[in-house]
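Working through the structure, step by step
What follows is each chain in one-letter form.
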Amino acid sequence: MANYFRITLLRSAIGLAQKTHGVLRALGLRKRLRTVYHPVSPQVAGMVFAVKELVDVQEVDQQLTKDEMKDLRRPDPGFYVERRAGEDWVHGRVEG
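Just so you know, these numbers come straight off a predicted model, no measurement behind them.

A few words on the nonpolar core. In terms of nonpolar packing, the biggest core is built from 14 residues, with Ile7, Leu24, Leu27, Leu29, Val51, Leu54 and Val55 touching the most fellow members. For this core, the elements supplying multiple residues, two or more each, are strand 1 (4–9), helix 1 (18–27) and helix 2 (42–50). Excluding its chain neighbours within four sequence positions, the residues that come into contact with valine 51 are Thr20, Val23, Leu24 and Leu27.

In structure tokens form, the structure reads like this:
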């Protein structure tokens, strides 16, 4: 059973009603692509429903720290370094 809503603001609320801006502020979403965690409750579900077109919501078991979120966003480099230029292999060890 999920304990938290993971809510990410995907779209801006520019040009929308002040009520919508207030709901986003109450959720703690001030900038696009920001993620917040709130405990699963009917009150939070109602706020999410009011701005459902602007946010992405997932139910998760635990909150992630800022460092864990940063690691999730870090893309795969697409390559692996086997040996750096200028390094010599001598008897299975790197020297240089």
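What follows covers the packing of aromatic side chains. The relative placement of two aromatic rings is captured by the distance of their centres and the angle of their planes. A full pass over the atoms with the stated rule returns 0 aromatic pairs. The ring of phenylalanine 49 is capped by lysine 52, whose NZ or CZ atom sits 4.3 Å from the centre of that ring.

Below, the discussion takes up the pairing of strand 1. In this sheet, strand 2 (residues 35–39) lies alongside strand 1 in antiparallel orientation, the contact comprising 5 bridges. Bridge assignment links isoleucine 7 to a residue of strand 2, and that residue is valine 36. Pairing of strand 1 with strand 3 (residues 55–60) involves 6 bridges; the strand directions are antiparallel. By the bridge assignment for strand 3, leucine 9 is matched with valine 55.

Where helix 1 contacts helix 2, the two axes come as close as 10 Å, and the packing angle between them is 140°. The angle between helix 1 and helix 2 falls in the class oblique. Crossing hand, helix 1 versus helix 2: left-handed. Contacts between helix 1 and helix 2 involve Val23, Ala26 and Leu27 from the former and Val44, Met47 and Ala50 from the latter.

Analysis parameters
- Residues numbered from 1 in each chain as written.
- Predicted model: local features only at pLDDT ≥ 70, side-chain atom pairs only at ≥ 80, totals over all residues.
- Heavy atoms only, no water.
- Core = buried A, V, L, I, M, F, W, Y, C linked by side-chain atoms within 4.5 Å.
- Buried < 20%, exposed > 50% of the residue type's maximum accessible area, 1.4 Å probe, protein only.
- Helix = DSSP H or I, 4+ residues; strand = E, 2+ residues; numbered from the N terminus.
- Contact = heavy atoms within 4.5 Å.
- Phe/Tyr/Trp six-rings, centres within 6.5 Å; stacked < 30°, edge-to-face > 60°.
- Lys NZ or Arg CZ within 6 Å of the ring centre and 35° of its normal.
- Pairing = 2+ DSSP bridges.
- Axes fitted to C-alpha atoms, helices over the stretch in contact; angles between N-to-C directions.
- Parallel < 35°, antiparallel > 145°, perpendicular 65-115°, else oblique.
- Left-handed = near helix turned anticlockwise from the far one by under 90°.

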